[in-house]
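The chain contents come next:
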Amino acid sequence: MTLKKYFGAVKQNRSIRIFAGAILIRILVYLVSVCVMAVFGDYGEGITFSDFLEAWKRWDSAHYLNIAQNGYGGAIEDGKHLFLVFFPLYPWLIRALHMLVGDYRLAGILISTVCFGIGNVFLDKLMRLEFGQEEAGRAAAALAVFPFSFFFGSIMTESLYFAILSAFFWFLRRHRWTGVAAVGFLACLTKVQGVLLAFCVVVELFYDRHGFLLLAKGKWRSFVREILWPGLRCVPMVGGLLVYLYVNYAVEGDPLRFLYYQRTHWNNSLTPIWNTFSYVRAYAADSWFTSAGMSLWVPELVLFFLYLAVIVYGFRKRLRPVYLVYLTLFFLLTYSSTWLISAGRYTLSALPLFMLGGKFFADHRKAGEILLPVSLMLMMVYMIGCYQWKQIM
């Protein structure tokens, strides 16, 4: 194959173009961040590459880098292993890539950047499967300009989980059970929300294979062949959670130790969703005119109603149940927290929300022409705020 034909084939490959476009978006955001650093920072001798890397190390980023550098056993604060609350796949990948690039921060950013491209490829495949090509483009746009999407380029787990989640749903929809098990394993090793994917497997099997009908008619052999056996093939995915629990056990002799630190140090545990809504609403009402209010509480209140609206919209559009179940469970888990301070960033993992956004903007183009630019402007505002250590985390 000649060089001309090779580049021609690359140009015609949609997945490669989607991946390259997503990487270009991240590069543009990074370039904008350099402008932010120049305007709002104090770099008398010029901005160095290390300064750039440091600017993307905010909030939890330092904890992931600490784990990558020192391991869970060595990542200690106040004599305690407080960072057991962070799942291990991302810091382990950072540690591995560091051996090649020589900088933990650069390794984290490279992983996030590449994973954003991979996630967009699978999101595009999913959208074309469920809706169409136009909806796929709109979903990618909604995701790229979401007010907190700059976190996709940070040293955090958002891009990694986005890539894994998109791939998981693709394998699940194609009923490639080995892929489901493998990718689901990685999801359970990345975020606690990965556990929700086990429910998605059950929902997809029962919906696609008419599981309740098989049970009602007593077709046990068909039930075993069509539902039970594929389900059992996906069971290894929960091994990711077991690995994480073993890390807790190996470090402190208690597989559930992270729950203790989550409650006692990070002030976070499960609570009824109306409790979370109550304090978010109260803080938003009392402090909307302050930095903390506009950075934290107002967005979380708005997102609460956005989740509800999108879920209702999904039912109206008869979105496949597996996506609605994940989105609903994700919403309930996110907003059932005694101290919710990162709902904007967490929403990046609510993939069906952006899928439905793509459908909505394709059906209502004028709304998209208004809302998408507004969302982009808000993303710039919040990225600048995050750079200045506002409560955007």
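This structure is a prediction, so every number in the text was calculated from the model and none was measured.

Asker: So what exactly am I meant to see when it comes to the overall build of the protein here?
Answerer: Counting its regular elements, the protein contains 20 helices and 0 strands. Relative to a compact globule of 393 residues, whose C-alpha radius of gyration would be 21 Å, the protein shows 22 Å and is just as compact. Each of the three principal axes of the protein carries a C-alpha extent, and together these read 75 × 60 × 55 Å. Here the protein holds 393 residues, and 50% of them are scored as buried. The contacts in the protein between residues at least 6 apart in sequence include a share of 73% that link residues at least 24 apart. Accessible surface computed for the protein: about 18,500 Å², of which carbon and sulfur atoms make up 66%. Distance between charge centres in the protein, computed from 36 positive and 22 negative side chains, equals 13 Å.

Asker: I'm lost on helix α16 (residues 291–316) in this one. Help?
Answerer: Think of an α-helix as turning once every 3.6 residues; residues three or four places apart then point the same way. Here α16 contains 26 residues, and its C-alpha end-to-end distance of 37 Å stays within 8% of the 38 Å for a straight helix at 1.5 Å per residue. Following α16 by one or two positions, Arg-318 has its phi on the positive side, about 55°.

Asker: Explanation requested: the pattern of salt bridges in the structure shown.
Answerer: Note that side chains of opposite charge can pair when their charged atoms are close. All told, the structure shown has 19 salt bridges when counted by the stated rule. Close ionic contact of Arg-105 with Glu-54 constitutes a salt bridge, the shortest N to O distance being 2.8 Å. Taken as a pair, Arg-105 in helix α6 (residues 104–130) and Glu-54 in helix α3 (residues 49–55) lie far apart in primary sequence, 51 residues in all. Overall, Glu-54 belongs to the partly exposed group, its relative accessible area being 32%.

Asker: Please explain the nonpolar core as it appears in this structure.
Answerer: Here is a general trend for soluble globular proteins: nonpolar side chains tend to be buried in one another's company. Ranked by size, the top nonpolar core spans 114 residues in total, and within it Phe-168, Phe-169 and Leu-197 carry the most contacts. The contact partners of Phe-168, leaving out residues within four places of it in the chain, are Val-180, Val-183, Gly-184, Leu-197, Cys-200, Val-201 and Met-237.

Asker: Even after reading the chapter, I still don't get the environment of Ser-375, so can you show me in this structure?
Answerer: For Ser-375, the position within the fold is in helix α20 (residues 365–387). Ser-375 sits in the buried class, given a relative accessible area of 12%.

Asker: Looking at this model, I keep getting lost on a nonpolar patch on the surface. Mind explaining?
Answerer: A cluster of nonpolar residues, Val-224, Leu-228, Trp-229, Leu-232, Val-235, Val-238 and Leu-242, forms a patch on the protein surface that exposes about 640 Å² of accessible area. Looking at which element gives the most residues to the nonpolar patch, the answer is helix α12 (residues 220–234), with 4 residues. Of note, Leu-228 is situated in helix α12. On the basis of relative accessibility, which here comes to 39%, the residue Leu-228 falls in the partly exposed class.

Asker: In this structure, what is going on with the packing of aromatic side chains? I would like to understand it.
Answerer: The relative placement of two aromatic rings is captured by the distance of their centres and the angle of their planes. Counted under the stated rule, the structure contains 44 aromatic pairs. Plain terms: the ring middles of Phe-169 and Tyr-326 are 5.5 Å apart, the flat faces sit at 80° to each other, and that makes the pair edge-to-face. With Phe-169 in helix α8 (residues 158–173) and Tyr-326 in helix α17 (residues 321–334), this pair connects stretches of sequence that are 157 residues apart. The exposure class of Phe-169 is buried, given its relative accessible area of 0%. Of the residues examined, Tyr-326 reaches a relative accessible area of 0% and is grouped as buried. On the numbers, 6.2 Å between centres and 85° between planes, the contact of Tyr-279 with Trp-297 is edge-to-face.

Asker: Just checking my understanding: could you explain the side chain of Arg-173 for this structure?
Answerer: Take Arg-173: it is sitting in helix α8. Not counting chain neighbours up to four residues away, the residues in contact with Arg-173 comprise Leu-126, Leu-129, Glu-130, Glu-204, Arg-320 and Tyr-323.

Asker: For this particular structure, what's the right way to read the packing of helix α5 (residues 89–101) against α6?
Answerer: Between α5 and α6, the least distance of the axes is 8 Å, while the angle of their chain directions is 115°. Along this stretch, α5 crosses α6, giving a crossing that reads as right-handed. Contact with α5, carried on its side by Tyr-90, Leu-93, Ile-94, Arg-95, Leu-97, His-98 and Val-101, involves Tyr-104, Leu-106, Ala-107, Gly-108, Leu-110, Ile-111 and Ser-112 of α6 and no other residues of that element. Residues that form the contact of α5 with α6 fall into these classes: 10 nonpolar, 3 polar and 1 charged.

About the thresholds
Residues numbered from 1 in each chain as written. Predicted model: local features only at pLDDT ≥ 70, side-chain atom pairs only at ≥ 80, totals over all residues. Heavy atoms only, no water. Helix = DSSP H or I, 4+ residues; strand = E, 2+ residues; numbered from the N terminus. Rg over C-alpha atoms; globule rule 2.2 N^0.38 Å. Buried < 20%, exposed > 50% of the residue type's maximum accessible area, 1.4 Å probe, protein only. Contact = heavy atoms within 4.5 Å. Areas by Shrake-Rupley, 256 points an atom, 1.4 Å probe, with all protein chains shown as cover. Lys, Arg positive; Asp, Glu negative; His and termini not counted. Charge placed at Lys NZ, Arg CZ, Asp CG, Glu CD. Expected span 1.5 Å × (residues − 1). Salt bridge = Lys/Arg side-chain N within 4 Å of Asp/Glu carboxyl O. Core = buried A, V, L, I, M, F, W, Y, C linked by side-chain atoms within 4.5 Å. Patch = residues over 30% accessible without salt bridge, like charges linked within 9 Å, V, L, I, M, F, W, Y side chains within 5 Å. Phe/Tyr/Trp six-rings, centres within 6.5 Å; stacked < 30°, edge-to-face > 60°. Axes fitted to C-alpha atoms, helices over the stretch in contact; angles between N-to-C directions. Left-handed = near helix turned anticlockwise from the far one by under 90°. Nonpolar A, V, L, I, M, F, W, Y, C, P; charged D, E, K, R; others polar.

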